[in-house]
Amino acid sequence: MMAERLVIIGGVAAGAKAAAKARRMRPDLDIVVYQDETEVSYSACGQPYVLSGVIENRDKIVIRRPQEFASDNIRALTRHRVEAIDVATRQIRVNDLSVNGAQTTAYDKLILATGARPIIPAVDGIELEGVLTLRSISDLDRFKSTIDILKPGKAAIIGAGYIGLELAETFHELNVKTTIIEKFDRILPKFDEEMAQQVSAHLVENNVELITGQGLAGITGENGRVVSVTTESGLERDVDLVVVAIGVRPNTDLAKDGGIAIGETGAIAVDRKMQTRVPGVYAAGDCCETVDRVTGKTTWLPLGDIANLQGRIAGENAAGGDASFPGVLGTAIFKTFDLNVACTGLSETAARQAGYEAVSVNVNRSDRARYYPGGNSLAIKLVADKQGGRLLGAQVIGPGKADKMIDIAATALLGRLTCEDLENADLAYAPPFSPVLSPMITAAGALNSKVGNR
């Protein structure tokens, strides 16, 4: 009798995690991972730091190679692209890209971990040498070789999201003068305006030119290479390199063509078991939607940690388990120059749009006792629902330990705590680690007063 076969389409975060979890659940399961890239499992979030040289070797962000999967009796086949799914017969068509040969193979359970792809604007010059994206490991390799060949002195980053702002620091380390062009009227739309403004000011302090309120209109080249960019208002900047970082879209073509339902966000619809509307077919990671745990509404959040969490659930359930993924809070953090920038839950703007009677407070505190050397500042914004004081979101920006603060806030959101609960949290204190009252407790106390609990 042949072993039950689990096929996973895509590796990186969700697919690789799903395979590992399924193997722990079922030692007898036949597991095959198809990945169209040269690496099956890697950390995409580490790529800017490879480019800057903080991580000296690209191979350090490769997590597991096919031979390591093979040691767990998992077949991880790179340079294999799945081109079609037939859910009626439970078969897929796979093209071995190394020989350009397609074959059909059967599955018993299927996990889609097809990820997301960069949005590419339809402007003149987008195909020129020196126009880059940074999403996949092949993007990283192309990016690195292009820098080595062109040795750019000036670059334009199109888009002021997390990747764009991380790359601004990367280019600074490489002595590349940088202009960021953002179509929205400000950077970081998930943050409230006064918080995002702190990041804008810091970028300008570090000689990054910010052009907001207008998008990219065109790219000009000479001899096939980029020489300048033009904005929608006609501003022109001479550049040697253009990075397109205006966002990503879920890779859903394979699912759509296979008759697998797409949800309201444009990503694959799944339930809390990570199962699609086709029995035996699951999806995880950047290709599928999820639930916002604050509002209860459907959302799409393409982040690496979420992909790992969803992959674990999909792998367990495809192997016969009964796990659930409860949704996301939107917790995220990144670094640009000397600022750590973090958020969780809803901004004040988003809370009001969601129908809450939102109240907020902004505080500035040190992350250590004021007399202890080495402390760094943090700007903290907390948002709560005035009706009952439930915490709705937090934003933390500064050179201090933003990760610690945002994780406290995320845990409070997870527990549906009020600002009064958070004000009375028993958090660790010693002068090298915190003021006597944590900055988060101080902020929660100020918000509690505003809510009207005292």
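Residues numbered from 1 in each chain as written. Predicted model: local features only at pLDDT ≥ 70, side-chain atom pairs only at ≥ 80, totals over all residues. Heavy atoms only, no water.

**Student:** Could you give an account of the overall build of the chain, naming the residues involved and the relevant values?
**Tutor:** The helix and strand inventory of the chain stands at twelve helices and 27 strands. The C-alpha radius of gyration of the chain comes to 23 Å, within 12% of the 22 Å expected for a compact globule of 454 residues. Counting every position in the chain, which comprises 454 residues, the buried fraction comes to 52%. Partitioning the contacts of the chain with sequence separation of at least 6, the portion at a separation of at least 24 is 62%. Taken as a whole, the chain presents about 20000 Å² of accessible surface, with 48% of it coming from carbon and sulfur. (Helix = DSSP H or I, 4+ residues; strand = E, 2+ residues; numbered from the N terminus. Rg over C-alpha atoms; globule rule 2.2 N^0.38 Å. Buried < 20%, exposed > 50% of the residue type's maximum accessible area, 1.4 Å probe, protein only. Contact = heavy atoms within 4.5 Å. Areas by Shrake-Rupley, 256 points an atom, 1.4 Å probe, with all protein chains shown as cover.)

**Student:** Now, about the packing of aromatic side chains: what can you tell me, with residues and values included?
**Tutor:** Describing an aromatic ring pair means giving the distance of the ring centres and the angle of the ring planes. Tallied over the entire structure, the rule returns two aromatic pairs. When the ring centre of Phe69 is taken as origin, the NZ or CZ atom of Arg64, which lies over that ring, is 4.3 Å away. (Phe/Tyr/Trp six-rings, centres within 6.5 Å; stacked < 30°, edge-to-face > 60°. Lys NZ or Arg CZ within 6 Å of the ring centre and 35° of its normal.)

**Student:** Mind laying out the nonpolar core, listing which residues take part and the relevant values?
**Tutor:** If you look at the biggest cluster of nonpolar residues, it comprises 89 residues, and the most contacted ones within it are Leu112 and Phe143. Contacts of Leu112, omitting those with residues within four sequence positions, involve Ile9, Ile85, Ala255, Ile260, Ile268, Val281, Tyr282, Ala283, Ala284 and Cys287. Residues Ala358, Val383, Val396 and Ala409 belong to the second largest nonpolar core, which totals 34 residues. (Core = buried A, V, L, I, M, F, W, Y, C linked by side-chain atoms within 4.5 Å.)

**Student:** For a nonpolar patch on the surface, give the residues involved together with the corresponding values.
**Tutor:** Nonpolar side chains collect at one region of the surface, where Tyr371, Tyr372, Tyr429, Val436 and Leu437 lie side by side and expose about 540 Å² of accessible area between them. Mapped onto the fold, Tyr371 is located in the loop between strand 25 (358–366) and strand 26 (377–385). For Tyr371, a relative accessible area of 55% gives the class exposed. (Patch = residues over 30% accessible without salt bridge, like charges linked within 9 Å, V, L, I, M, F, W, Y side chains within 5 Å. Salt bridge = Lys/Arg side-chain N within 4 Å of Asp/Glu carboxyl O.)

**Student:** Quick one: what's the story with unusual backbone geometry, residue by residue and with numbers?
**Tutor:** Positive phi values are uncommon outside glycine, yet Asn73 reaches one of about 60°. Mapped onto the elements of the fold, Asn73 is located in the loop between helix 3 (66–70) and strand 5 (74–78). Residue Asn73 is classed as exposed on the basis of its relative accessible area, which comes to 53%. Positive phi is not limited to glycine here, since Met274 has a value of about 70°. Within the secondary structure layout, Met274 lies in the loop between helix 7 (253–257) and strand 20 (281–283). The exposure class of Met274 is buried, given its relative accessible area of 1%.

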